[in-house]
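Structure at a glance
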Amino acid sequence: MASRIEQIIEEIEEYIDGCKFQALSSTKIVVNKEELEEMLRELRMKTPDEIKRYQKIISNKDAILADAQQKADQIIADAQTKADRIVSESEVMQKALEQSNRLIEQTNQQAQEIVDNATNDSNNIRMSAIAYTDEMLDNLEKIMGHTLDTAGTRYSNFINSIQSCYDIVTKNRRELSPQIAPSVNYGSETDEAGKKSAEEEKKEEAEE
(Lines give C-alpha, C1' and ligand atoms only; values in the text may rest on other atoms or scores of the structure.)
Protein backbone atom coordinates (compact mmCIF):
# COMPACT_ATOMS: atom_id res chain seq x y z
CA MET A 1 0.00 0.00 0.00
CA ALA A 2 1.50 3.32 -1.14
CA SER A 3 2.01 6.06 1.49
CA ARG A 4 0.52 9.54 1.22
CA ILE A 5 3.95 11.01 0.49
CA GLU A 6 4.33 8.69 -2.49
CA GLN A 7 0.84 9.70 -3.66
CA ILE A 8 1.65 13.43 -3.36
CA ILE A 9 4.89 12.95 -5.28
CA GLU A 10 3.00 11.13 -8.03
CA GLU A 11 0.42 13.96 -8.12
CA ILE A 12 3.22 16.52 -8.41
CA GLU A 13 4.78 14.53 -11.25
CA GLU A 14 1.42 14.31 -13.02
CA TYR A 15 0.81 18.01 -12.47
CA ILE A 16 4.19 18.91 -13.93
CA ASP A 17 3.59 16.61 -16.90
CA GLY A 18 0.25 18.40 -17.49
CA CYS A 19 1.73 21.93 -17.47
CA LYS A 20 2.34 23.78 -20.75
CA PHE A 21 5.77 24.83 -21.96
CA GLN A 22 6.64 28.52 -22.20
CA ALA A 23 6.74 30.09 -25.59
CA LEU A 24 9.85 29.34 -27.56
CA SER A 25 11.10 26.83 -24.84
CA SER A 26 11.10 23.07 -24.61
CA THR A 27 12.27 22.84 -21.01
CA LYS A 28 10.44 25.57 -19.10
CA ILE A 29 6.81 25.20 -18.16
CA VAL A 30 4.11 27.45 -16.76
CA VAL A 31 2.78 26.29 -13.37
CA ASN A 32 0.08 27.40 -10.99
CA LYS A 33 2.14 28.53 -8.02
CA GLU A 34 -0.60 28.22 -5.41
CA GLU A 35 -1.59 24.74 -6.52
CA LEU A 36 2.01 23.55 -6.56
CA GLU A 37 2.74 25.15 -3.18
CA GLU A 38 -0.35 23.45 -1.72
CA MET A 39 0.92 20.06 -2.80
CA LEU A 40 4.42 20.85 -1.47
CA ARG A 41 2.91 22.06 1.82
CA GLU A 42 0.99 18.83 2.25
CA LEU A 43 4.15 16.92 1.38
CA ARG A 44 6.07 18.72 4.11
CA MET A 45 3.29 18.08 6.62
CA LYS A 46 3.07 14.41 5.81
CA THR A 47 6.80 13.83 5.78
CA PRO A 48 7.35 13.67 9.60
CA ASP A 49 4.42 11.36 10.08
CA GLU A 50 5.61 9.09 7.31
CA ILE A 51 9.14 9.15 8.68
CA LYS A 52 7.86 8.15 12.11
CA ARG A 53 5.74 5.42 10.54
CA TYR A 54 8.74 4.16 8.62
CA GLN A 55 10.88 4.37 11.74
CA LYS A 56 8.25 2.38 13.62
CA ILE A 57 8.12 -0.19 10.85
CA ILE A 58 11.90 -0.36 10.80
CA SER A 59 11.97 -0.67 14.58
CA ASN A 60 9.32 -3.37 14.45
CA LYS A 61 11.24 -5.03 11.69
CA ASP A 62 14.38 -4.96 13.80
CA ALA A 63 12.42 -6.37 16.74
CA ILE A 64 10.94 -9.07 14.53
CA LEU A 65 14.37 -9.87 13.14
CA ALA A 66 15.87 -9.92 16.64
CA ASP A 67 13.07 -12.17 17.88
CA ALA A 68 13.52 -14.43 14.86
CA GLN A 69 17.27 -14.48 15.42
CA GLN A 70 16.74 -15.30 19.11
CA LYS A 71 14.35 -18.11 18.23
CA ALA A 72 16.77 -19.40 15.59
CA ASP A 73 19.63 -19.28 18.09
CA GLN A 74 17.49 -21.12 20.64
CA ILE A 75 16.56 -23.77 18.07
CA ILE A 76 20.22 -24.19 17.14
CA ALA A 77 21.21 -24.42 20.82
CA ASP A 78 18.48 -27.01 21.50
CA ALA A 79 19.57 -28.98 18.45
CA GLN A 80 23.18 -28.85 19.59
CA THR A 81 22.17 -29.98 23.09
CA LYS A 82 20.17 -32.87 21.65
CA ALA A 83 23.05 -33.78 19.36
CA ASP A 84 25.49 -33.71 22.27
CA ARG A 85 23.14 -35.87 24.35
CA ILE A 86 22.71 -38.34 21.50
CA VAL A 87 26.48 -38.49 21.03
CA SER A 88 26.96 -38.94 24.79
CA GLU A 89 24.33 -41.70 24.92
CA SER A 90 25.91 -43.30 21.87
CA GLU A 91 29.31 -43.24 23.57
CA VAL A 92 27.77 -44.73 26.74
CA MET A 93 26.09 -47.45 24.68
CA GLN A 94 29.34 -48.11 22.82
CA LYS A 95 31.26 -48.39 26.09
CA ALA A 96 28.56 -50.63 27.55
CA LEU A 97 28.69 -52.83 24.45
CA GLU A 98 32.48 -53.04 24.65
CA GLN A 99 32.34 -53.93 28.35
CA SER A 100 29.67 -56.55 27.61
CA ASN A 101 31.79 -58.07 24.85
CA ARG A 102 34.85 -58.12 27.11
CA LEU A 103 32.82 -59.75 29.89
CA ILE A 104 31.49 -62.40 27.49
CA GLU A 105 35.00 -63.05 26.18
CA GLN A 106 36.42 -63.35 29.71
CA THR A 107 33.55 -65.66 30.72
CA ASN A 108 34.16 -67.87 27.68
CA GLN A 109 37.88 -68.00 28.47
CA GLN A 110 37.21 -68.91 32.11
CA ALA A 111 34.71 -71.57 31.06
CA GLN A 112 37.19 -73.00 28.55
CA GLU A 113 39.91 -73.01 31.20
CA ILE A 114 37.60 -74.88 33.59
CA VAL A 115 36.78 -77.43 30.90
CA ASP A 116 40.44 -77.81 29.95
CA ASN A 117 41.50 -78.22 33.59
CA ALA A 118 38.73 -80.75 34.20
CA THR A 119 39.77 -82.66 31.07
CA ASN A 120 43.42 -82.65 32.14
CA ASP A 121 42.49 -83.77 35.66
CA SER A 122 40.29 -86.52 34.26
CA ASN A 123 43.05 -87.70 31.94
CA ASN A 124 45.59 -87.60 34.76
CA ILE A 125 43.28 -89.58 37.06
CA ARG A 126 42.58 -92.07 34.27
CA MET A 127 46.29 -92.53 33.52
CA SER A 128 47.04 -92.85 37.24
CA ALA A 129 44.28 -95.45 37.62
CA ILE A 130 45.57 -97.38 34.60
CA ALA A 131 49.14 -97.23 35.91
CA TYR A 132 48.03 -98.33 39.39
CA THR A 133 45.91 -101.18 38.00
CA ASP A 134 48.74 -102.27 35.72
CA GLU A 135 51.14 -102.22 38.66
CA MET A 136 48.72 -104.29 40.78
CA LEU A 137 48.20 -106.77 37.95
CA ASP A 138 51.97 -106.98 37.41
CA ASN A 139 52.50 -107.75 41.10
CA LEU A 140 49.70 -110.30 41.03
CA GLU A 141 51.18 -111.89 37.91
CA LYS A 142 54.58 -112.15 39.60
CA ILE A 143 53.05 -113.65 42.76
CA MET A 144 51.02 -116.17 40.78
CA GLY A 145 54.03 -117.09 38.63
CA HIS A 146 56.16 -117.54 41.71
CA THR A 147 53.44 -119.62 43.34
CA LEU A 148 53.13 -121.81 40.27
CA ASP A 149 56.89 -122.26 40.07
CA THR A 150 57.11 -123.10 43.77
CA ALA A 151 54.17 -125.54 43.63
CA GLY A 152 55.55 -127.22 40.52
CA THR A 153 58.97 -127.64 42.13
CA ARG A 154 57.50 -129.04 45.33
CA TYR A 155 55.23 -131.40 43.49
CA SER A 156 58.07 -132.52 41.24
CA ASN A 157 60.23 -133.23 44.30
CA PHE A 158 57.36 -135.17 45.85
CA ILE A 159 56.92 -137.28 42.67
CA ASN A 160 60.65 -137.92 42.48
CA SER A 161 60.69 -139.06 46.09
CA ILE A 162 57.84 -141.54 45.52
CA GLN A 163 59.45 -142.73 42.30
CA SER A 164 62.69 -143.40 44.18
CA CYS A 165 60.85 -145.40 46.81
CA TYR A 166 58.99 -147.32 44.17
CA ASP A 167 62.18 -148.15 42.34
CA ILE A 168 63.73 -149.46 45.59
CA VAL A 169 60.68 -151.62 46.28
CA THR A 170 60.69 -153.04 42.76
CA LYS A 171 64.37 -153.74 42.94
CA ASN A 172 63.99 -155.53 46.23
CA ARG A 173 61.18 -157.72 44.85
CA ARG A 174 63.26 -158.68 41.85
CA GLU A 175 66.12 -159.58 44.08
CA LEU A 176 63.83 -161.74 46.18
CA SER A 177 62.02 -163.36 43.28
CA PRO A 178 63.71 -162.72 39.95
CA GLN A 179 60.95 -164.56 38.06
CA ILE A 180 58.28 -162.10 39.34
CA ALA A 181 58.02 -158.87 37.35
CA PRO A 182 55.55 -156.08 38.03
CA SER A 183 52.63 -156.24 35.67
CA VAL A 184 52.09 -152.49 35.76
CA ASN A 185 54.63 -149.75 35.59
CA TYR A 186 53.38 -147.67 38.42
CA GLY A 187 56.22 -145.32 38.06
CA SER A 188 55.18 -144.30 34.56
CA GLU A 189 51.56 -144.06 35.50
CA THR A 190 52.48 -142.15 38.58
CA ASP A 191 54.62 -139.77 36.55
CA GLU A 192 51.82 -139.19 34.09
CA ALA A 193 49.28 -138.77 36.87
CA GLY A 194 51.64 -136.48 38.70
CA LYS A 195 52.19 -134.38 35.63
CA LYS A 196 48.44 -134.21 34.96
CA SER A 197 47.72 -133.37 38.59
CA ALA A 198 50.39 -130.64 38.57
CA GLU A 199 48.97 -129.16 35.38
CA GLU A 200 45.42 -129.27 36.76
CA GLU A 201 46.51 -127.62 40.00
CA LYS A 202 48.25 -124.86 38.02
CA LYS A 203 45.08 -124.28 35.95
CA GLU A 204 42.89 -124.19 39.07
CA GLU A 205 45.24 -121.75 40.82
CA ALA A 206 45.37 -119.56 37.69
CA GLU A 207 41.53 -119.54 37.49
CA GLU A 208 41.28 -118.58 41.17
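Residues numbered from 1 in each chain as written. Predicted model: local features only at pLDDT ≥ 70, side-chain atom pairs only at ≥ 80, totals over all residues. Heavy atoms only, no water.

Below, the discussion takes up the overall build of the protein chain. Helix and strand counts for the protein chain come out as 3 helices and 2 strands. Across the protein chain, helices and strands are ordered from the amino to the carboxyl terminus as α-β-β-α-α. Evaluated residue by residue, the protein chain yields a buried proportion of 8% over its 208 residues. Relative to all contacts within the protein chain whose residues are 6 or more apart in sequence, the contacts with residues 24 or more apart total 59%. Accessible surface computed for the protein chain: about 17,600 Å², of which carbon and sulfur atoms make up 55%. (Helix = DSSP H or I, 4+ residues; strand = E, 2+ residues; numbered from the N terminus. Buried < 20%, exposed > 50% of the residue type's maximum accessible area, 1.4 Å probe, protein only. Contact = heavy atoms within 4.5 Å. Areas by Shrake-Rupley, 256 points an atom, 1.4 Å probe, with all protein chains shown as cover.)

This part is about the pattern of salt bridges. Per the counting criterion, the structure on display carries 2 salt bridges. The shortest N-O distance in the salt bridge between Glu-37 and Lys-33 comes to 3.9 Å. Of the two residues, Glu-37 and Lys-33 are both situated in helix α2 (residues 33-176); the distance of 4 residues between them amounts to about one turn of the helix. For Glu-38, the salt bridge goes to Arg-41, with nearest N and O atoms at 2.2 Å. Of this pair, Glu-38 and Arg-41 both sit in helix α2, 3 residues apart, which is roughly one turn of that helix. Exposure remark for Glu-38: the relative accessible area of 43% places this residue in the partly exposed category. (Salt bridge = Lys/Arg side-chain N within 4 Å of Asp/Glu carboxyl O.)

Next up on the list: the nonpolar core. Ranked by size, the top nonpolar core spans 8 residues in total: Ile-5, Ile-8, Ile-12, Tyr-15, Cys-19, Leu-36, Met-39 and Leu-43. Mapped by element, the contributors of at least two residues to this core are α1 (4-18) and α2. Looking at this core element by element, the count peaks at 4 residues for α1. Apart from the residues lying within four places of it in its own chain, the contact partners of Leu-43 are Ile-5, Ile-8, Ile-9 and Ile-12. (Core = buried A, V, L, I, M, F, W, Y, C linked by side-chain atoms within 4.5 Å.)

What follows deals with the confidence of the model for the protein chain. Averaged over all residues, the pLDDT of the protein chain is 76; the fraction at 70 or higher stands at 82%. The lowest-confidence element of the protein chain is helix α3 (residues 186-207), averaging 52 in pLDDT; the highest-confidence one is strand β1 (residues 20-21), averaging 84. (pLDDT = per-residue confidence, 0-100.)

Residues Glu-6, Glu-10, Glu-13, Glu-14 and Asp-17 make up a contiguous surface patch of negative charge. Here Glu-13 shows up in helix α1. (Patch = residues over 30% accessible without salt bridge, like charges linked within 9 Å, V, L, I, M, F, W, Y side chains within 5 Å. Lys, Arg positive; Asp, Glu negative; His and termini not counted. Charge placed at Lys NZ, Arg CZ, Asp CG, Glu CD.)

Moving on, we come to α1. In a regular helix each residue adds 1.5 Å, so 15 residues correspond to 21 Å; α1 covers 21 Å between its end C-alpha atoms and thus fits that length. Taken residue by residue, α1 has Ile-5, Ile-8, Ile-12 and Tyr-15 as its buried positions. The buried residues of α1 all sit within an arc of 80° when viewed along its axis, so they share a single face. Away from its buried face by more than 90 degrees, α1 exposes Glu-14, Asp-17 and Gly-18. (Expected span 1.5 Å × (residues − 1). Arc of directions from axis to C-beta.)

Our focus in this paragraph is the environment of Arg-4. Along the chain, Arg-4 falls in helix α1. Sequence separation between Arg-4 and Lys-46 is 42 residues, and the spatial gap between their C-alpha atoms is 7.2 Å.

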